[in-house]
Amino acid sequence: MTKVWDVIVIGGGHAGCEAAASAARAGAETLLLTHKLETIGEMSCNPAIGGLGKGHLVREIDALDGVMGRVADAAGIQFRLLNRSRGPAVRGPRAQIDRKLYRDGMRAALSRQTGLTMRAEAVEDLVLESGQVVGVIGASGELYPARAVVLTTGTFLKGVIHRGAERVAAGRVGDAPSIGLADRLYALGLAMGRLKTGTPPRLDGRSIDWGRLERQHGDDTPTPFSFLSGPITTSQIDCGITTTTSATHAIIADHLDESAVYGGRISGRGPRYCPSIEDKVVRFADRDAHQIFLEPEGRDDPTVYPNGISTSLAPETQDRFLRTIPGLESVEVVRHGYAIEYDYVDPRELHLSLEVKRLPGLYLAGQINGTTGYEEAAAQGLMAGLNAARAVAGRDPAILKRDEAYIGVMIDDLVTRGVTEPYRMFTSRAEFRLRLRADNADQRLTALGETLGCVGAERACAFHAKAQVLDEVRARSAVLSLTPAQAAKAGFKVNADGQRRGLVQLLAYRDIGFDDLIEVWPELATWPQFAREQIEIDATYAGYLDRQDADIELFRRDEMLRLPADIDYAALGGLSNEVREKLGAVRPATLGQAARIEGVTPGAMTALLAHVRRRPAA
């Protein structure tokens, strides 16, 4: 008898890995199907994880017991906390990663996951029954029945690689594209489009003149991604920094007709915040140089990733412009850069659970939803896998809100506004980023993850032990205080207003540090480093958080007003045809989500609110 799986995940990239792991953690018997088991966890683009906004996502994935953070910590070869000089809310952990160690570590982590089976099989089609997905068909012709399916195809849906005049059907170099699945999605009538991304040439580090380059060092004390990781003690590798030159730009400008975009051979929009070197030369013609970061791809791998010169020019042109760059005069190319164009599904076709609205049982995650980046894909994968497992078990979907997580911000942005270019996460996308910090992701999400069923016993135990310590030190810090006279005696300059000031209030003064307070209260020296850091952050944001909490309450008021799923927007008075069309396409779940749809005016919101209030209770 053919086995019926609870959840089948298609694709072994970053979205697929997290989807499969979270579905299995949530109790679903899960099958991961991917082209090649050897490429599970493959880093197809840059060998790095994290950064501004992206590092927050990795911390949230980890807080929900995802695997990306732990694997990245084990495979990291250089760690840096970005924006260290700025406030904790916008600091982002980032690491250069050893590609092979990450790939091997991810496959090992999935192999250890109870309830998860992995199999090498390309998937060509979905099996539908009464308007619902009930399985998939492999390229071998084998039928795999399932109660839910998570599709994480990355750039494989009708993927085409462009390099000069060369045009090759591929999901990435060396891997065939997925044609059957793309045709199935088009046949279902889903709104779809084309996007593009690109990658730079890979260089042989042994042919680089490193002595001519500025070196970028890692942090003296690496900051791990995972709340479960101990101190990172492995030696770190430097990156190199160089720039393009006017000669580089001249060669590129003379060969723009070879570019996939400027030569008119590609129509998909690329990521605005990661432009190709051709885009930089055209859009910033007044610039004499563009910075390039030379990032080693592994501790024992001579391959170097030149971050900043993604290109689709012909190989011989790439060779020429590379050798005009300081330090690369004699460089040898391991693999030339290219652009890749691929299909995506308009994410407004999805519920907030990432289930396709018109096809129950099918969930989408990653680049298929119009995003770019490993971290964005992994975060979507975790939520799609979790929700697939919960649906199979008859539970309500897990929806993270905008005031709870960057993951919630991203998914709400996608399903509410759609995309016109590949979406990437920035801290500026979050209205409540003082609350949504990387340092407190576990405090925000791990207990919730336990309730949702995706957090295992090891993480739960570690989190509750940490939470108990934080509760104790916060309670103690609320008791410790000084009068103005006592503060003056300790050398602290405060107003002589007769008001006692607590520990957190004292830390808020620029000239009073934690070490100064240890002189007053020696017991503080026994507090663990993570507790000390949290108290310092509490002090930094104390007044601002009170104001942001008031904003969050207003936000939640609108989010709690749910909109009936059967509203006939076409018959609703007081709306323009454009607004009717947009509301009908997205079908927002709450009044707050409706307000975030582009083009929905305050007047339209008033009409919608009046309609909901007039509607009789069910």
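Our subject is the structure that appears above.
Predicted model, so just to flag it, every value in this text is computed and none were measured. Along each chain, numbering runs from 1 in the same order as the chain's sequence is written. A pLDDT threshold of at least 70 governs which residues receive local features in this predicted model, and a stricter bar of 80 or more applies before side-chain atom pairs are shown or counted, although totals over entire chains, interfaces and linings include all residues. Heavy atoms throughout the structure, all of them, feed into the side-chain values; hydrogens and water do not.

1. Here's the deal with a nonpolar patch on the surface
Where nonpolar side chains cluster on the molecular surface, the patch consists of V261, Y262 and V282 and spans about 210 Å² of accessible area. Here a helix means four or more residues in a row that DSSP labels H or I, a strand means two or more in a row labelled E, and each is numbered from the N terminus. Tracing the backbone shows V261 in the loop between α6 (246–254) and α7 (277–283). Type-normalised accessible area, obtained with a 1.4 Å probe on protein chains alone, sets the label of each residue: buried when under 20%, exposed when over 50%, and partly exposed for intermediate values. Given the relative accessible area of 34%, V261 is considered partly exposed. Grouping into patches uses exposed residues only, defined as over 30% relative accessible area, and leaves out salt-bridged ones; the cut-off is 9 Å for like charges and 5 Å for nonpolar side chains (Val, Leu, Ile, Met, Phe, Trp, Tyr). Only the protein chains shown count as cover for residues, and all accessible areas are computed by the Shrake-Rupley method using a 1.4 Å probe. By convention in these notes, a salt bridge is any Lys or Arg side-chain nitrogen within 4 Å of a carboxyl oxygen on Asp or Glu.

2. Regarding the pattern of salt bridges
Under the counting rule described, the total for this entry stands at 43 salt bridges. The shortest N-O distance in the salt bridge between R103 and E42 comes to 3.4 Å. Of the two residues, R103 is situated in helix α4 (residues 99–111) and E42 in the loop between β2 (30–34) and β3 (48–50); the sequence distance between them amounts to 61 residues. Among the salt bridges present, the one from R402 reaches D413, with a minimum N-O distance of 2.8 Å. Here R402 is found in the loop between α9 (374–392) and α10 (406–417), whereas its partner D413 is found in helix α10, with 11 residues between them in sequence. Each member of the pair, R402 as well as D413, is classed as buried. Each of R402, D412, D413, R417, E431, E559 and R596 takes part in a single network of salt bridges with overlapping partners.

3. Digging into the layout of surface pockets
When its volume is computed, the second largest pocket comes out at roughly 1,500 Å³. Here a cavity is any set of points on a 1 Å grid over the protein atoms alone where a 1.4 Å probe fits but cannot get out, and a pocket is any open set with protein on both sides within 12 Å along at least 5 of 7 lines; a residue lines the site when it has an atom within 4 Å of a point. Lining the second largest pocket we find 46 residues, and of these D439, F530, E533, Q534 and I537 sit closest to its centre. Breaking the lining of the second largest pocket down by element, the ones donating at least two residues are β5 (92–97), α11 (441–452), α12 (457–479) and α16 (529–560). Element by element, the count of residues in the lining of the second largest pocket is highest for α16, at 12 residues. Each residue is assigned to one of three groups, with Ala, Val, Leu, Ile, Met, Phe, Trp, Tyr, Cys and Pro labelled nonpolar, Asp, Glu, Lys and Arg labelled charged, and all others, Gly among them, labelled polar. Per-class residue counts for the lining of the second largest pocket are 23 nonpolar, 12 polar and 11 charged. Grid points are joined across faces, edges and corners, and a volume is the space filled by probe spheres set on the points.

4. Focus on empty space enclosed by the protein
Within this structure, the stated rule accounts for one cavity of 30 Å³ or more. Here the largest cavity is characterised by a volume of approximately 80 Å³. Around the largest cavity, the lining is made up of 15 residues, and of these K196, S276, E278, S312 and A339 lie nearest the centre. With four residues, the single largest contributor to the lining of the largest cavity is strand β12 (residues 192–199).

5. With respect to the nonpolar core
Nonpolar cores are built from buried Ala, Val, Leu, Ile, Met, Phe, Trp, Tyr and Cys residues. Side-chain atoms within 4.5 Å join them into one set. Counting 102 residues, the largest nonpolar core has I8, I49, Y102, L185, L362 and M383 as the members making the most contacts within it. Dropping the residues within four chain positions of it, M383 is found in contact with L64, S353, L354, A398, L400, I407 and I411. Formed by 20 residues, the second largest nonpolar core is a distinct cluster that contains L480, F492, F514 and I535. In what follows, residue pairs with any heavy atoms lying within 4.5 Å of each other are defined as contacts.

6. Notes on the packing of α12 against α16
The angle between two axes is taken between their N-to-C directions and runs from 0 to 180 degrees, where each axis is a line fitted to C-alpha atoms and a helix contributes only its stretch in contact. One can describe the packing of α12 onto α16 by two numbers: an axis separation of 10 Å at closest approach and a directional angle of 50°. The orientation of α12 with respect to α16, classified from their angle, is oblique. In terms of crossing hand, the pair formed by α12 and α16 is right-handed. Together, K466, V469, L470, V473, R474 and S477 of α12 and F530, A531, Q534, I535 and D538 of α16 make up the contact between the two elements. Split into classes, the residues belonging to the contact of α12 with α16 amount to six nonpolar, two polar and three charged. Oblique is the label for any angle not covered by the other classes, which are roughly parallel (under 35 degrees), roughly antiparallel (over 145) and roughly perpendicular (65 to 115). Crossings are sorted by hand: turned counterclockwise from the far helix by less than a right angle, the near helix makes the crossing left-handed, and turned clockwise it makes it right-handed.

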